[in-house]
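Working through the structure, step by step
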Amino acid sequence: MNQSMNIRIQAPSPSLLLPRAKSSSHWMCPCLRVQLETCASSNISKTSLVARGSSVWCKIKPMFNESLTKKYASQIGALVTSRALEVSDTPVVGDDKIGVLLLNLGGPETLEDVQPFLFNLFADPDIIRLPRMFRFLQKPLAKFISVARAPKSKEGYASIGGGSPLRQITDAQAEELRKALTEKNVPAKVYVGMRYWHPFTEEAIEQIKRDRITKLVVLPLYPQFSISTSGSSLRLLESIFREDEYLVNMQHTVIPSWYQREGYIKAMADLIEKELRNFDRPEEVMIFFSAHGVPLAYVEEAGDPYKAEMEECVDLIMEELEKRRLNNAYTLAYQSRVGPVEWLKPYTDETIIELGQKGVKSLLAVPISFVSEHIETLEEIDVEYKELALKSGVEKWGRVPALGCEPTFISDLADAVIESLPYVGAMAVSNLEARQSLVPLGSVEELLAAYDSQRRELPPPVTVWEWGWTKSAETWNGRAAMLAVLVLLVLEVTTGEGFLHQWGILPLFR
């Protein structure tokens with residue numbers, strides 16, 4: 001991200017109450033690193049490719065784009081045309097059966113589901129990242145937290161109808177995506193795999209195997225990539241693939257994030273423009289982007305690109321609004337933090353209070369990291385944050401709905417899938433090569449290096465308890481030192497012996 005972008009989108013300040021300055025952005029497209037040997041006979045230059053099946057954001061040179069278009073467009077078109085009348089329950093393009101796997105968080109469908117859902121969530125090491133020597137505490141800790149948080153969470157779900165609508169919405173998105181692909185002459189079966197509740201990713205994979213899918217496009221429904229969302233889902237998927245011979249031989253590709261896609265940006269701008277019309281003075285409304293937060297350590301230590309991608313996403317949306325002569329002031333904040341650790345700032349609740357104190361009278365909330373309505377939009381934003389805003393001096397409050405099945409959004413997802421199909425076919429499928437990571441999930445460092453759109457070198461992650469000059473190490477070293485001092489102090493007080501007594505700091509007694 002450029003420096004000016006980071007300045008524009010940060011904690012609210014007087015400058016944020018003014019219309020934003022113009023900025024430039026680079027449109028990227030997702031391309032897949034493919035095995036060099038599979039393209040040996042291709043007219044694509046080997047210098048345009050990188051070995052091993054991992055995903056990377058990169059700029060496509062005209063030569064590269066044209067060669068792909070010429071190589072695959074006619075082939076796919078001919079295959080679809082020749083097989084159009086032979087489509088069965090499992091869509092076929094040529095001799096291939098195409099599948100799309102949508103990945104999402106999942107949510108409890110009843111109040112009884114809340115506690116086990118929370119357990120699954122907090123048992124994920126990408127959600128609560130314990131040092132390696134304490135990993136054995138992951139499930140006991142998850143059990144404790146889920147039981148402790150379940151009563152309050154149940155109240156929230158009860159207030160929105162007794163459960164999360166996420167599954168129903170995601171199923172509807174899958175059906176609309178299937179229809180859009182069919183209309184674009186690429187019939188495919190679309191599957192839904194949830195990370196923490198039914199239908200679990202494992203359930204979706206079993207159905208994919210039963211349908212004998214031969215080419216799979218994996219599409220996380222998270223516009224921006226994060227270790228804790230797309231990363232966690234893909235890490236699980238990789239472990240499933242690695243252990244299954246059928247999956248090992250199935251060609252596949254991943255669309256890791258898609259916040260830069262023009263259709264997505266236009267769909268978001270459409271929704272914002274529509275909601276602005278509901279205010280008496282639309283030009284005076286502050287556009288308030290609220291994104292799901294992640295722990296600060298994910299960004300500063302592990303190099304999670306989430307913050308950078310989120311800021312760029314907001315910038316692209318504002319650029320699109322500028323083209324429509326909408327020059328509203330805006331800001332970005334992060335919601336839904338959990339636990340005592342520091343999360344990405346500014347926090348949504350604190351920002352709302354600050355804006356109210358500064359005299360902002362109209363706020364339009366935009367749930368920027370969500371494509372479906374769920375507890376964090378329907379209860380946290382619509383109820384808690386609205387109430388907080390009105391108490392803080394904001395007089396008019398509005399909220400942009402999540403994208404859901406918005407036609408422009410669905411059509412753009414279909415285009416993303418179609419654009420990825422040539423890369424699916426280019427991947428090597430030998431057992432040895434296919435057992436490499438689905439994406440480079442073996443380490444966070446490789447994963448993030450692959451998805452960094454700026455191609456900057458990222459710092460290595462700190463995933464174990466290390467001694468040395470790192471933030472994570474200093475934190476744990478400090479905790480160990482504090483614990484040691486506390487133990488020594490207790491021994492001094494209880495036994496009456498020790499250095500503090502000998503030096504006269506504590507009174508001598510037995």
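The structure under discussion appears in the preceding block.
Just so it is clear, the model here is predicted, and its values are computed rather than measured.

1. So, the environment of Ala402
Mapped onto the secondary structure, Ala402 falls in the loop between strand S11 (396–399) and helix H14 (407–426). With 131 residues separating them in the primary sequence, Ala402 and Leu271 have C-alpha atoms 8.7 Å apart. Setting aside residues up to four positions removed in sequence, Ala402 forms contacts with Leu271, Phe370, Val371, Ser372 and Glu373.

2. A word on the sheet that holds strand S10 (residues 362–367)
The strand order across the open sheet built from four strands is S9-S8-S10-S11, with neighbouring strands paired in parallel fashion. With one partner strand each, in any of the chains shown, strand S9 (330–335) and S11 form the two edges of the open sheet. The sheet shows a mean angle of 25° between the axes of neighbouring strands, direction not considered. One ladder, built from four bridges, connects S10 with S11; its direction is parallel. Counterpart to Leu363 in the pairing with S11 is Trp397. Across the face of the sheet, helix H11 (residues 306–323) comes into contact with strand S8 (286–292) and S9 while running at roughly 145° to S9.

3. Some details on the packing of aromatic side chains
In total, this model carries five aromatic pairs according to the counting rule given. Aromatic pair Trp197 and Phe200: ring centres 6.1 Å apart, planes at 70°, arrangement edge-to-face. Taking relative accessible area as the criterion, Phe200 reaches 19% and is therefore assigned buried. When the ring of Phe289 is compared with that of Tyr330, the centres are 6.3 Å apart and the planes differ by 85°; the resulting orientation is edge-to-face. Taken as a pair, Phe289 in strand S8 and Tyr330 in strand S9 lie far apart in primary sequence, 41 residues in all.

4. Here's the deal with the packing of helix H6 (residues 201–210) against helix H7 (residues 227–242)
To describe two helices that pack against each other, one gives the angle between their axes and the distance between the axes. Between H6 and H7, the least distance of the axes is 11 Å, while the angle of their chain directions is 45°. Between H6 and H7, the interaxial angle falls into the category oblique. With respect to the hand of their crossing, H6 and H7 are arranged in right-handed fashion. Between H6 and H7, the residues in contact are Thr201, Glu202 and Ile205 and Leu236, Leu237, Ile240 and Phe241, respectively. Of the residues that constitute the contact of H6 with H7, the class distribution is five nonpolar, one polar and one charged.

5. Considering unusual backbone geometry
The omega angle of the peptide bond from His198 to Pro199 is -10°, so this bond is cis rather than trans. Within the secondary structure, Pro199 is located in the loop between strand S5 (189–194) and H6.

6. Describing the nonpolar core
Grouped together as the largest cluster of nonpolar side chains are 65 residues, with contacts concentrated most on Tyr264, Ile272, Phe289 and Ile368. The residues contacting Ile368, other than those within four sequence positions of it, are Gln224, Tyr264, Met268, Phe289, Ser290, Ala291, Met310, Cys313, Val314, Ile317 and Leu332. Membership of the second largest hydrophobic core comes to 19 residues, among which are Phe225, Leu236, Met250 and Val254.

7. Looking at the pairing of strand S6 (residues 215–220)
Among the six residues that make up S6, six are buried, leaving the element largely enclosed by the rest of the structure. Of the two faces of S6, the one carrying Lys215, Val217 and Leu219 and the one carrying Leu216, Val218 and Pro220 are both buried. Sheet topology places strand S4 (residues 96–104) next to S6; six bridges connect them, and they run parallel. Across the sheet, residue Leu101 finds its bridge partner in S6, namely Val218. Two strands pair when backbone bridges link them, and S6 and strand S7 (residues 251–254) are joined in this way by four bridges, in the parallel orientation. Note that in S7 the partner of Val218 across the bridge is Val254.

8. A short note on the environment of Glu175
Tracing the sequence through the fold places Glu175 in helix H5 (residues 166–183). Under the relative-accessibility criterion, Glu175 is labelled partly exposed at 31%. The sequence separation of Glu175 and Val190 amounts to 15 residues, and the corresponding C-alpha distance is 7.2 Å.

9. Here's the deal with helix H3 (residues 114–122)
Taken together, the buried positions of H3 are occupied by Val114, Phe117, Leu118, Leu121 and Phe122. Buried residues in H3, looked at end-on, bunch into an arc of 125°, giving them a common side. The inward-facing, buried residues of H3 contact helix H4 (138–159).

Scoring rules and cut-offs
- Residues numbered from 1 in each chain as written.
- Predicted model: local features only at pLDDT ≥ 70, side-chain atom pairs only at ≥ 80, totals over all residues.
- Heavy atoms only, no water.
- Helix = DSSP H or I, 4+ residues; strand = E, 2+ residues; numbered from the N terminus.
- Contact = heavy atoms within 4.5 Å.
- Pairing = 2+ DSSP bridges.
- Axes fitted to C-alpha atoms, helices over the stretch in contact; angles between N-to-C directions.
- Phe/Tyr/Trp six-rings, centres within 6.5 Å; stacked < 30°, edge-to-face > 60°.
- Buried < 20%, exposed > 50% of the residue type's maximum accessible area, 1.4 Å probe, protein only.
- Parallel < 35°, antiparallel > 145°, perpendicular 65-115°, else oblique.
- Left-handed = near helix turned anticlockwise from the far one by under 90°.
- Nonpolar A, V, L, I, M, F, W, Y, C, P; charged D, E, K, R; others polar.
- Core = buried A, V, L, I, M, F, W, Y, C linked by side-chain atoms within 4.5 Å.
- Arc of directions from axis to C-beta.

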